[in-house]
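Structure assessment
The primary structure of each chain is shown beneath.
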Amino acid sequence: MSNFLEKAALVTGGGTGIGRATALDFANKGARVAVADVDTKEGEHTVELIKKPGGQAIFIHADVAKASDCEHMVAKTVEAFGRLDFACNNAGIGGTSASIAEMTAEDWQNVISVNLSGVFFSMKYEIPALLKTGGGAIVNMASILGQVGFANAAAYVAAKHGVLGLTKVAALEYAAQSVRVNAVCPGFILTPMLERAGITSNEGMRKHIEGLHPIGRMGTPEEIAKAVTFLCSADAAFIHGEALLVDGAYVAR
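Remember, predicted model here, so these are calculated numbers, not experimental data.

Rules behind the numbers
- Residues numbered from 1 in each chain as written.
- Predicted model: local features only at pLDDT ≥ 70, side-chain atom pairs only at ≥ 80, totals over all residues.
- Heavy atoms only, no water.
- Salt bridge = Lys/Arg side-chain N within 4 Å of Asp/Glu carboxyl O.
- Helix = DSSP H or I, 4+ residues; strand = E, 2+ residues; numbered from the N terminus.
- Buried < 20%, exposed > 50% of the residue type's maximum accessible area, 1.4 Å probe, protein only.
- Axes fitted to C-alpha atoms, helices over the stretch in contact; angles between N-to-C directions.
- Left-handed = near helix turned anticlockwise from the far one by under 90°.
- Contact = heavy atoms within 4.5 Å.
- Nonpolar A, V, L, I, M, F, W, Y, C, P; charged D, E, K, R; others polar.
- Pairing = 2+ DSSP bridges.
- Polar contact = N/O pair within 3.5 Å; in protein donor to acceptor, adjacent residues only side chain to side chain.

**Section: the pattern of salt bridges**
Overall, the coordinates contain nine salt bridges when judged by the stated rule. For the salt bridge of E203 with K207, the shortest nitrogen-to-oxygen distance reads 3.2 Å. Residue E203 and its partner K207 are both found in helix α7 (residues 203-211); the two are separated by four residues, about one turn of the helix. For the pair E203 and K207, one class covers both residues: exposed. One connected set of salt bridges, linked through shared partners, spans K7, R83 and D85.

Below is the structure:
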C-alpha cells in the first residue's frame, strides 16, 4: 500500500475494463489517480469507485487520438496532484473485423489513430512531466497481438506491434533519466470490448477463444491491472523496455 502513497498516476481508457481495474489498483495501493476517457459517464463512475472508500481521483475527458487532448490530460493531472509518477496508456479500440483487402482506409486509420498514435501522443506529454518529478514509470497496453498475428485484425495487430516498438525506443531514450517504460501484453480479457465484438455473448465463439489459451479460460481485468502496478513499483526497478505477456500461455502454444 505505502509503495504509491503521495504518488500520482494517470490511466487512459480508465472508464471500463482493464483501465478501470488498473485505476482502482493504483488507488488501492495509495496513489492519487487521474482517469482519462472519451466516455464521461463511465470515467466519472471509476472516479466514484475510487473516492467511495476514501481514495483521491479526478476525471479528465480525453480522446488520445488528439495530441491536444493528451497535452491537456497531463497538464490537468499535474495541476490536480502537483506531479506525475506513473502512467498507463491503456485507451484502445477493437476496430472492424475484415481481411486486409476488405478493410477500409477509414477503419485502418481509426484504429491506428487511437491504439498507436494515442500511445505516442500520451508519452510525448507524460515523459516531460515524469522528468520534472525526477523519474517514474510508464506502462503501455499492448496485446498478445503485438507479438503474433490474428486474421481479420490487421489494424489492431499492426498498432499493437507498433506499441511494442515505441515502448522499446522510449526505454532506450529515457532509462538513464530514471523513466522506465514497459508494456503489458494481455491475452483475451473479459472486458466490454469483447462483449461488443460478440466474443463473450456467443457461446461457440467464447469456447473457441478460451481454447486458444492453454490455461483454459480468458483473463480478468484485475489480473492485468496487477501486472501494470507491479511494473510501476520499486520491485521492477531493473525492468526497462519489457513486453510482459499476461496471457494464460497463449503465445507459448
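**Quick notes on the packing of helix α3 (residues 67-81) against helix α4 (residues 105-133)**
Contact pair α3 / α4: the axes reach a minimum separation of 9 Å and the direction vectors enclose 35 degrees. In this structure, α3 crosses over α4, and the sense of that crossing is right-handed. Where α3 abuts α4, its residues A67, C70, E71, M73, V74 and V78 lie against G118, F121, S122, Y125, E126 and A129. The residue inventory of the contact of α3 with α4, partitioned by class, reads eight nonpolar, two polar and two charged.

**So, the sheet that holds strand β2 (residues 32-37)**
Pairing within the open sheet is parallel, and its seven strands lie in the order β3-β2-β1-β4-β5-β6-β7. The open sheet has two free edges, formed respectively by β3 (57-61) and β7 (243-246), since each of these has just one partner strand. Sheet twist, expressed as the average angle between the axes of neighbouring strands with direction ignored, equals 20 degrees. Taken together, the six bridges between strand β5 (residues 136-141) and strand β6 (residues 179-186) define a ladder with parallel strand orientation. Counted as the bridge partner of M141 is V184 from β6. Contacts between helix α5 (residues 154-174) and the sheet are confined to β5, β6 and β7, with β6 contributing the most and set at about 160 degrees to the helix.

**Describing the side chain of H213**
The residue H213 is located in the loop between α7 and α8 (221-232) in this model. You can call H213 buried: its relative accessible area is 2%. A polar contact of 2.8 Å, which involves the side chain of H213, links it to the backbone oxygen of I209. Excluding its chain neighbours within four sequence positions, the residues that come into contact with H213 are G187, F188, M218, D247, G248 and Y250.

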